[in-house]
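# Analysis of the macromolecular model
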Amino acid sequence: MKKLLILILGLFYFYIFAQEETPKEFDLKYIYKKGDISSYRLKIENLEKLNISGKYSEKKGKIIIDFEEEVCEVDENNNGILKLKFMEGSLNNIKIDISNKTATLKRNPKGKILESLGLEEISSEIVKIIQKSLSEYILGIDRIPLSIDFSKFDSNTFNIYVQSFTPVFPEQKIKIGEKWEKQIMIPVFFTKGKLIYTFEKIEENKAYLILTLEKDQIKGNGKLIFDIEKGKIIEQNFTVKGENIKTKVDLSQYIPQYKQSFEVSGSIIVKINLKEI
């Protein structure tokens, strides 16, 4: 009888400790509730040390874009129909005109953009911002109209650029320490790369993720905070470094008036911060 009691107690304690050692799994997903509005600020800061066709230049830049994300509808599959409304923006502290421009996204609970409307107009405005930034290297380029008519593009063509700032979570539940990856369009560098997410920890019902990226001479790292209860991004920080870059830029494909191509070499550091405000 005594041996049986010891055996039962041993099995009981084994069961308790086994339960404690079993890693907890989490289902990371976006939660959409009709009428919810989240406000964000996207800040992109860059430091460039470039040699452009024999002309060396160092330049700092800062772009800030404020926008709202409103849940207009939730369909039968819990996909969110989201309206993006751009409120205001600035380039190097000079205001740029993007206010009240809108786009619509259909995004599933895991974060994948299924379809969009209106991103072609927003993308046109973003390219104008880039063109304005380039004018510090190439005088007058910001006053020359682009040859690309963005209105002829399907909005879904630009989904990959927006998706770069939106993590896509695994379909299955995941444990702390697990990793997953996705292809993104690397911001500013306009090339695709593999972004790796590592589930670092949980604190106050918020998931903390580590971001790492490596693509040839381009490397990136950062962190992301995701509110599990509310199902939305709280903040994302990401730094991308391009060192020993050597490339050739032909602007004539975008601006016919510019027949000249440029040899570009040097380094670029880009700091990206997306934060709920």
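Let me sum up the structure you'll find in this document. Not measured: the values here are computed from a predicted model. The numbering scheme is per chain: residues are counted from 1 as the chain's sequence reads. Note on the predicted model: pLDDT of at least 70 is required for a residue's local features to be given, and 80 or more for side-chain atom pairs to be given and counted; whole-chain, interface and lining totals, by contrast, use all residues. Excluding hydrogens and water, the side-chain values take into account all heavy atoms of the structure.

It is worth spelling out the overall build of the protein at this point. By the criteria applied, helices consist of DSSP H or I runs no shorter than four residues and strands consist of E runs no shorter than two, each listed in order from the N terminus. Within the protein, the regular secondary structure consists of 3 helices and 14 strands. Accessibility here uses a 1.4 Å probe with only protein chains present; expressed as a share of the type maximum, an area under 20% marks a residue as buried, one over 50% as exposed, and anything in between as partly exposed. Expressed as a percentage of the 277 residues in the protein, the buried residues total 42%. For the area figures, the Shrake-Rupley method with a 1.4 Å probe applies, and any residue is considered shielded solely by the protein chains shown. When the accessible surface of the protein is totalled, it reaches about 16,500 Å², and 52% of it is carbon and sulfur.

Moving on to the packing of aromatic side chains. Aromatic rings from Phe, Tyr and Trp, with only the six-membered ring used for Trp, were paired whenever their centres fell within 6.5 Å, and each pair was classed as stacked if the ring planes differed by under 30 degrees, edge-to-face if by over 60, and tilted otherwise. Taken as a whole, this structure holds 10 aromatic pairs when the rule is applied. On the basis of an interplanar angle of 75° and a centroid distance of 5.7 Å, the ring pair of F26 and F199 is categorised as edge-to-face. Of this pair, F26 sits in strand β1 (residues 25-26) while F199 sits in strand β10 (residues 191-203), placing them 173 residues apart in sequence. Of the two residues, F26 and F199, neither departs from the other in class, the shared state being buried. Ring pairs connect the aromatic residues Y30, Y32, F169, W180, Y197 and F226, which therefore count as one cluster. Sitting over the face of the ring of Y30, R107 holds its NZ or CZ atom 4.5 Å from the ring centroid. Counting as a charge over the ring demands two things of the Lys NZ or Arg CZ atom: a distance within 6 Å of the ring centre and an angle within 35 degrees of the ring normal. It is K201 that lies over the ring of Y208; its NZ or CZ is 5.1 Å from the centre.

Should the charged atoms of two oppositely charged side chains come close, the side chains can pair. Whenever a carboxyl oxygen of Asp or Glu lies within 4 Å of a side-chain nitrogen of Lys or Arg, that contact is scored as a salt bridge. Within this structure, the stated rule accounts for 12 salt bridges. K194 is the salt-bridge partner of E181, the closest N and O atoms lying 3.9 Å from each other. In this pair, E181 sits in strand β9 (residues 179-186) while K194 sits in strand β10, placing the two residues 13 residues apart along the sequence. With relative accessibility at 37%, the residue K194 sits in the partly exposed group. Overlapping salt bridges bring together D27, K29 and K110 as one network.

Let us now look at the side chain of K110. Counting through the fold element by element, K110 comes out in the loop between β6 (101-107) and β7 (113-117). We define a polar contact as two N or O atoms separated by no more than 3.5 Å, with the added condition that, inside protein, one atom must be a possible hydrogen donor and the other a possible acceptor, whereas residues neighbouring each other in sequence contribute only through side-chain atom pairs. Among the polar contacts listed, one links the side chain of K110 to the side chain of D27, at a separation of 2.6 Å. We call two residues contacting when some pair of their heavy atoms lies within 4.5 Å. Excluding its chain neighbours within four sequence positions, the residues that come into contact with K110 are D27, L28, K29, Y30, P167, V168, F169, P170 and E171.

Our next topic: the pairing of strand β4 (residues 80-91). Pairing geometry for strand β3 (residues 55-74) and β4, over 11 bridges, is antiparallel. Bridging across to β4, V74 finds its partner in G80. Pairing between two strands requires that DSSP report at least two bridges joining them. From the end of β3 to the start of β4, which pair antiparallel, there are 5 residues, and N78 there has a positive phi angle of about 65°. Bridge analysis of β4 against β6 gives 7 bridges, and the strand direction is antiparallel. Bridging from a neighbouring strand, F86 pairs with K101 of β6. Here β4 pairs with strand β5 (residues 94-96) via 3 bridges, running antiparallel. The residue of β5 that forms the bridge with G89 is I96. Between the antiparallel neighbours β4 and β5 lie 2 residues, among them N92 with a positive phi of about 50°.

A few words on the nonpolar core. For our purposes a nonpolar core is just a set of buried Ala, Val, Leu, Ile, Met, Phe, Trp, Tyr and Cys residues, chained together by side-chain atoms within 4.5 Å. By size, the foremost hydrophobic cluster in this structure holds 54 residues, and its most contacted members are L28, W180, F189 and L209. If one sorts the elements of this core by residue count, strand β14 (residues 261-276) sits on top with 6 residues.

Before going further, it helps to examine unusual backbone geometry. For N92, which is not glycine, the phi torsion reads 50° and is therefore positive. In this structure, N92 sits in the loop between β4 and β5. Judged by its relative accessible area of 27%, N92 falls in the partly exposed class. Here E204, not a glycine, exhibits a phi torsion of approximately 50°, which is positive. With relative accessibility at 73%, the residue E204 sits in the exposed group.

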